[in-house]
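For reference, the chains in residue letters:
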Amino acid sequence: MTGRLYGVGVGPGDPELVTVKAARLIGEADVVVFHSARHGRSVARRTAEPYLREGQLHEQLVYPVTTEDSDDYQGEIDAFYAECAERLAAHLDAGRTVVVLAAGDPLFYGSYMHLHKRLAHRYPAEVVPGVTSVSAASAVLGKPLVERDEVLTVLPGTLPVDELAGRLAGDDPVAVMKLGRTFPNVREALERAGRLDEAWYVERATTRGERTARLSDVDADEVPYFSLAVLPSRAGAPVDAADAAPAVSTVDGMEPLAGKGLGEVVVVGLGPAGPEWLTPQAREALEAADDLVGYVTYLNRVPDSPRRRKHASDNKVEAERAAFALELAGRGRRVAVVSSGDPGVFAMAAAVLEVAEGYPDVPVRVLPGMTAAHAVASRVGAPLGHDYCVVSLSDRLKPWEVIAERLAAAAKADLVLALYNPASRSRTWQVAAMRDLLLEHRSPDTPVVIGRDVGGPQESVRVLRLADLDPTTVDMRCLLLIGSSQTRVSPSGKVFTPRTYPTG
């Protein structure tokens, strides 16, 4: 007797949204199958983790390609699924129960469907539905998708801009999936269709990394694949209340706190990652605040509380954000302006203090936080053990010529370099230019530390030679430490810069 095949939807990412039937089948399975890219991480497997048991066989199906940029994408994918189907057929022929995990719903833009088409006519097969990301996005937004006679359209962001714009025209609700690298095209299509202002962005709905914002406020460099755009029901819009979370909130109509005089603004550094990086002083300021103001990604790291309001905005409106916080404080509210890392290092402290010159009566305090540079350095040893300088490679607020001059001066002075904002999807050449400039003054063997998402769930830290620095491996979530002539790597792999410097 052959085994039985199950395509099991595990929902959008929250293990508590796995259905009772799905949880039972996962626990009973002889073989648990999941897909991943070459990095090995699987959203579906992580979601199903609480329901796995010891002794099960695991089959990891690693995609050979993850985008359609390949010259023979369809051919490679077809061959991949044919091979995967035969791998699963071997288990089924042996009488084993095989459960294929699928994020969301198995037959809703799911990879399982390709296995189902190849195996369901050969073996007993059953599909167990799961909560889709579209339903999850509607839930976390708290906005109805469809009402009465409205028609919901679901689109893949991979469609050409013209086709997307055409399908977006009209008044009915829409969900656009598969964002990531397609985000600029989706945004352009929404703008062409005249619907950008009603579009919402939802990232990793129902997970710890969940994020929501007005789509018009989202930076294209920070959009992962597991995100979507939602144009919710117009019939379901609030009747008597304005929509929540504008790009920068307004204080109009907000009454001063009862019994309060002038408030204050406290600029708080959250550190580079989770709550373990937050200082007790910063935590106390957050708890005491009436209002939290900040870039939406950082604000989402602070737990919600019914006693304080959150005012999220895009990362390109620092002056407006600072003015809003100061206006709130002027009405007697205790305001915490939130920054990642240390607020005084390429963050909100300078912006608030600059705007505060126009609010001389509003007190402003700055509370320090663990910097990303120090967090990365701690992972490898003490590369910042001697003199060093900190430079941002972003040319959004200063010209590249100034950056290049400062890099050259630091290199000539033999300083260790901590480099923030090294690259993004729109800034792709600066890392190579920096490397080539430094190689004019530094040995090709100079140690380089690349820290990515340090303290976060996808942390990685690499040590390599300056000459071997590959710009394509660096993105906006990385921080680079470039050693001086004295920085060295110990036999145990620790990187450090001695506190003494040679004389003569």
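Everything numeric here is computed off the predicted structure, so don't read it as measured data.

**Looking at the packing of aromatic side chains**
- Tallied over the entire structure, the rule returns eight aromatic pairs.
- With a centroid separation of 6.2 Å and an interplanar angle of 85°, the aromatic rings of Phe183 and Tyr201 are classed as edge-to-face. Within this pair, whereas Phe183 is found in helix α7 (residues 183-192), its partner Tyr201 is found in strand β8 (residues 200-203), the two being separated by 18 residues in sequence. For the pair Phe183 and Tyr201, a shared accessibility class is recorded, and that class is buried.
- Taken together, the aromatic side chains of Tyr63, Phe80 and Tyr81 make up a single cluster linked through ring pairs.

**Remarks on the sheet that holds strand β19 (residues 447-452)**
- Taken in spatial order, the five strands of this open sheet run β17-β18-β21-β19-β20, and their pairing is mixed. The open sheet terminates on both sides in strands that have one partner only, identified here as β17 (388-392) and β20 (460-465). Averaged over all pairs of adjacent strands, the angle between their axes in this sheet comes to 20°, without regard to strand direction.
- The sheet contact formed by β17 and strand β18 (residues 416-420) spans five bridges and is parallel.

**Notes on the nonpolar core**
- One finds Leu407, Leu417, Leu419, Met434 and Leu480 to be the most contacted residues of the largest nonpolar core, which totals 26 residues.
- Every element with two or more residues in this core is listed here: β17, α13 (400-412), β18, α14 (430-439), β19 and β21 (478-482).
- Here this core gets seven residues from one element, more than from any other, and that element is α13.
- With sequence-adjacent residues up to four places away left out, Leu417 is seen in contact with Cys389, Val391, Leu407, Ala410, Leu438, Leu480, Leu481 and Ile482.
- Ala165, Phe183, Leu190 and Leu215 belong to the second-largest nonpolar core, a separate cluster that totals 24 residues.

**Considering empty space enclosed by the protein**
- Scanning the model with the defined rule gives three cavities of 30 Å³ or more in all.
- Roughly 40 Å³ of volume is contained in the largest cavity.
- Around the largest cavity, the lining residues are His386, Asp387, Asp414, Leu415, Val416, Ser484, Gln486, Thr497 and Tyr501.
- Its residues placed into classes, the lining of the largest cavity shows three nonpolar, four polar and two charged.

**Focus: the packing of helix α10 (residues 318-330) against helix α11 (residues 348-356)**
- Packing of α10 against α11 leaves a shortest axis separation of 9 Å and a crossing angle of 60°. Seen from above, α10 lies across α11 with right-handed handedness. Along its contact with α10, which presents Glu318, Ala319, Arg321, Ala322, Ala323 and Leu326, the element α11 presents Met348, Ala351, Val352, Val355 and Ala356.
- Classifying every residue of the contact of α10 with α11 gives nine nonpolar, no polar and two charged.

**Considerations on a nonpolar patch on the surface**
- Taken together, Phe346, Tyr388 and Val390 make up a surface patch of nonpolar side chains, about 250 Å² in accessible area.
- By relative accessible area, which is 32% here, Tyr388 ends up partly exposed.

**Describing the pairing of strand β2 (residues 31-36)**
- Burial runs high along β2: six of the six residues are buried.
- By the alternation rule, side chains of β2 split into Val31, Val33 and His35 and Val32, Phe34 and Ser36, which are all buried.
- Note: β2 against strand β3 (residues 57-62), six bridges, orientation parallel. From the neighbouring strand, Val31 faces β3, where its bridge partner is Leu57.
- Regarding topology, helix α2 (residues 43-48) serves as the crossover connection from β2 to the parallel β3, and that connection is right-handed.
- Bridge count for β2 against strand β4 (residues 98-102) is three bridges, and the pairing is parallel. Its bridge partner being in β4, Val32 is matched across the sheet by Val99.

**With respect to the packing of α13 against α14**
- Relative orientation of the contacting elements α13 and α14 amounts to 35°, with a least axis distance of 10 Å. Judged by the twist between their axes, the crossing of α13 over α14 is right-handed. From α13, Trp400, Ala404, Leu407, Ala408 and Ala411 reach across to α14, where they touch Gln430, Ala433, Met434, Leu437 and Leu438.

Parameters at a glance
- Residues numbered from 1 in each chain as written.
- Predicted model: local features only at pLDDT ≥ 70, side-chain atom pairs only at ≥ 80, totals over all residues.
- Heavy atoms only, no water.
- Phe/Tyr/Trp six-rings, centres within 6.5 Å; stacked < 30°, edge-to-face > 60°.
- Helix = DSSP H or I, 4+ residues; strand = E, 2+ residues; numbered from the N terminus.
- Buried < 20%, exposed > 50% of the residue type's maximum accessible area, 1.4 Å probe, protein only.
- Pairing = 2+ DSSP bridges.
- Axes fitted to C-alpha atoms, helices over the stretch in contact; angles between N-to-C directions.
- Core = buried A, V, L, I, M, F, W, Y, C linked by side-chain atoms within 4.5 Å.
- Contact = heavy atoms within 4.5 Å.
- 1 Å grid on protein atoms, 1.4 Å probe; cavity = no way out; pocket = protein on both sides within 12 Å on 5 of 7 lines; lining within 4 Å.
- Points joined across faces, edges and corners; volume = space filled by probe spheres on them.
- Nonpolar A, V, L, I, M, F, W, Y, C, P; charged D, E, K, R; others polar.
- Left-handed = near helix turned anticlockwise from the far one by under 90°.
- Patch = residues over 30% accessible without salt bridge, like charges linked within 9 Å, V, L, I, M, F, W, Y side chains within 5 Å.
- Areas by Shrake-Rupley, 256 points an atom, 1.4 Å probe, with all protein chains shown as cover.
- Salt bridge = Lys/Arg side-chain N within 4 Å of Asp/Glu carboxyl O.
- Right-handed = clockwise from strand over helix to strand, strands pointing away.

Coordinates in, geometry out; function isn't part of it.
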